[in-house]
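Each chain, letter by letter, is given below.
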Amino acid sequence: MMIEASGIRKSFGTLEVLKGIDFRADKAEVVSIMGASGAGKSTLLQILGTLSTPDEGKLFIDGTDVLGLKEKSLSIFRNRKIGFVFQFHHLLPEFTSLENVMIPALIGRDSDKKAKERATELLKELGLGGRLSHKPSQLSGGEQQRVAIARGLINNPAVLFADEPSGNLDSRTKDELHKLFFSLREKYGQTIIIVTHDPGLAGMCDRTYHMRDGRFE
């Protein structure tokens, strides 16, 4: 089991957003989480991705009790084991595609040479070999999202979390991106967890969880 969460609860003030969620995902499984806005999907994804802490519950990722880790150990674990792709790409505008992808590897203490080689390889694999020196403002939305995916994959994480990854893309680019996730799974064996409103993407996944009012249906 790659991810095992049980009894996850989270409140903001008096609003209980997650009401005792149990979630599991196997190695190399692609799982989607669907539900209306406000159902708690993104809050759950942030907790599963260790960016937020639940009020109650247990969470194991690749056999590690992540809620028991101290802050520094958790940061190291997150950098090595977890990748993220968000709807709004969060690329740094002053850096090139290559530099944006290299950042997590450099944070993980890889050498500049190793980080550059890996980032170049990923960008070429994602069809961006001619865009290495381009800054985000010089790229299309689909190209920016592929740079963000390469950045999420640079440290070869065990799990890739994607929050509405195709939400801002046109239908053709969206379809290409959806197929890309599954080709990545086949090549790298990542577990991929996707929050999406897109029934087409959810239908491609191995399993789908449906959320309503902080619970799975």
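Cut-offs and rules
Residues numbered from 1 in each chain as written. Predicted model: local features only at pLDDT ≥ 70, side-chain atom pairs only at ≥ 80, totals over all residues. Heavy atoms only, no water. Pairing = 2+ DSSP bridges. Helix = DSSP H or I, 4+ residues; strand = E, 2+ residues; numbered from the N terminus. Buried < 20%, exposed > 50% of the residue type's maximum accessible area, 1.4 Å probe, protein only. Contact = heavy atoms within 4.5 Å. Polar contact = N/O pair within 3.5 Å; in protein donor to acceptor, adjacent residues only side chain to side chain. Salt bridge = Lys/Arg side-chain N within 4 Å of Asp/Glu carboxyl O. Axes fitted to C-alpha atoms, helices over the stretch in contact; angles between N-to-C directions.

Q: Any chance you could explain the sheet that holds strand β1 (residues 3-12) here in plain terms?
A: In a beta sheet, neighbouring strands pair by backbone hydrogen bonds and run either parallel or antiparallel. The four strands are arranged β2-β1-β4-β5 in an open sheet whose pairing can be described as antiparallel. Among the strands making up the open sheet, the edge pair consists of β2 (15-25) and β5 (64-65). As defined by bridge partners, β1 adjoins β2 across eight bridges and the pair is classed as antiparallel. Among the inter-strand pairings, Glu4 is bridged to a residue of β2, identified as Arg24.

Q: Teacher, can you tell me more about the environment of Arg185 here?
A: Within the secondary structure layout, Arg185 lies in helix α6 (residues 171-188). We classify Arg185 as buried; its relative accessible area is 14%. In this structure the C-alpha to C-alpha distance between Arg185 and Val30, which are 155 residues apart in sequence, comes to 7.8 Å. Ignoring anything within four residues of it in the chain, the contact list for Arg185 reads Ala28, Glu29, Val30, Gln190, Ile192 and Asp206. Side-chain polar atoms of Arg185 contact the backbone oxygen of Ala28, separated by 2.7 Å.

Q: Would you take a moment to explain the pattern of salt bridges for this structure?
A: Opposite charge on two side chains permits them to pair, given that their charged atoms come into close proximity. As enumerated under the stated definition, the model contains 13 salt bridges in all. Put simply, Arg24 and Glu4 hold a salt bridge, and the shortest N to O gap is 3.4 Å. In this pair, Arg24 sits in strand β2 while Glu4 sits in strand β1, placing the two residues 20 residues apart along the sequence. Judged by its relative accessible area of 33%, Arg24 is partly exposed. Overall, the relative accessible area of 33% leaves Glu4 in the partly exposed class. Residue Asp62 pairs with Lys81 through a salt bridge whose shortest N-O separation is 2.6 Å. On the criterion of sequence distance, the pair formed by Asp62 in the loop between β4 (56-61) and β5 and Lys81 in helix α2 (residues 71-81) is long-range, its members being 19 residues apart.

Q: How do you make sense of the sheet that holds strand β9 (residues 207-212) when you look at a structure like this?
A: Read across the sheet, six strands follow the order β6-β7-β8-β3-β9-β10 without closing on themselves; strand pairing throughout is mixed. Strands at the two margins of the open sheet, each flanked by one partner only, are β6 (82-86) and β10 (215-216). Summarising the sheet, β9 and β10 pair through two bridges and their orientation is antiparallel. Residue Arg212 lies in a different strand from β10, and its bridge partner there is Arg215. Sitting on the sheet, helix α5 (residues 141-153) is in contact with β6 and β7 (159-163), with an inclination near 165° to β6.

Q: Explanation requested: the side chain of Thr191 in the structure shown.
A: Position of Thr191 relative to the elements: it lies in strand β8 (residues 191-195). In this structure, Thr191 is in contact with Met2, Ala25, Asp26, Lys27, Ala28, Glu29, Ala158, Val159 and Leu160, ignoring residues within four places of it in sequence.

So, to be careful, I would describe these as geometric facts and stop short of saying anything about function.
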